[in-house]
Amino acid sequence: MRGQFTGWPEQAMDVLWQLQGEPTHATRERYRADRERLVRQPMIALLNEVADTDPRYEDFSVWHYRTDSWWWQHQAAVIRLGRKIELGLRFSLDGLRIQGAWWYPDPGQVDMFRKAVASEGSGRELSDIVEDVRKKGYDISGDVMKRPPRGYPADHSRTNLLRHRSLIAARPLGYEDWLHTPEAVDRVLSAAADLDALLMWLVRHVKRAA
């Protein structure tokens, strides 16, 4: 049901501004309740609405603050789509950012990824998907080896993908007035659609290792 998310209040930015730098314990405690109400709870409401649109998005977490000041200055959340395969959101003074990621792989997952990349059908499919995502403005990154992995030819047509031990596509969604309105839900859903082919390829081919 749509309607529970109304946007981040403009006061959310004031709270995050007060938490910049290395805020003292006293400063954090002074703003804890406001941060929870104005920053973290809207993220929960947004992800509940995103989950209402598609059952694949129901497994999500919205992080608490921890001890590092970074976690107080950035409200992070993830939607789990597969083992180590996630949609990630981050709200901060820079606005809202989204990423699709396969990272921190389980043992064996990197080998599964490489085999799928080397295979002509699935490998070409991923190469085309990555290029399409890149054209939509996403930065492609990850843990990338300097050399091709052993067992694969150095001149393989997809050697750049074979060198990946994780794969991340990310871009900022911006910092405009829509952040303070329900339109943010549609912005997130549109970006999730951009990343869907990539993440579903990973779900199919980089399964949990036995």
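Residues numbered from 1 in each chain as written. Predicted model: local features only at pLDDT ≥ 70, side-chain atom pairs only at ≥ 80, totals over all residues. Heavy atoms only, no water.

Tell me about the nonpolar core, and please be specific about residues and values.
Of all hydrophobic cores here, the largest spans 58 residues; its most connected members are Leu46 and Phe91. Here this core gets 11 residues from one element, more than from any other, and that element is helix α7 (residues 183-205). When neighbours within four sequence positions are excluded, Phe91 is seen to be in contact with Trp8, Ala12, Met13, Leu16, Val39, Met43, Gln73, His74, Gln75, Leu96 and Leu179. (Core = buried A, V, L, I, M, F, W, Y, C linked by side-chain atoms within 4.5 Å. Buried < 20%, exposed > 50% of the residue type's maximum accessible area, 1.4 Å probe, protein only. Helix = DSSP H or I, 4+ residues; strand = E, 2+ residues; numbered from the N terminus. Contact = heavy atoms within 4.5 Å.)

A description of the pairing of strand β6 (residues 167-174) should follow, citing residues and the corresponding values.
Across the eight residues of β6, six count as buried, placing the element largely inside the fold. Summarising the sheet, strand β4 (residues 95-102) and β6 pair through seven bridges and their orientation is antiparallel. Bridge pairing links Trp102 to Leu167 in β6. One ladder, built from three bridges, connects strand β5 (residues 139-141) with β6; its direction is antiparallel. Directly across from Ile140, in β6, lies its bridge partner Ala169. (Pairing = 2+ DSSP bridges.)

I'd love a proper account of the layout of surface pockets, names of residues and values included.
Taken as a whole, the largest pocket encloses approximately 340 Å³ of empty space. In terms of lining residues, the largest pocket is bounded by 16 residues, among which Trp63, Ala76, Val78, Gln99 and Trp103 are the most central. At the level of elements, α3 (69-73), β2 (75-82), β3 (85-92) and β4 are the ones that each hand at least two residues to the lining of the largest pocket. Along the lines of polarity and charge, the residues of the lining of the largest pocket split into 10 nonpolar, two polar and four charged. (1 Å grid on protein atoms, 1.4 Å probe; cavity = no way out; pocket = protein on both sides within 12 Å on 5 of 7 lines; lining within 4 Å. Points joined across faces, edges and corners; volume = space filled by probe spheres on them. Nonpolar A, V, L, I, M, F, W, Y, C, P; charged D, E, K, R; others polar.)

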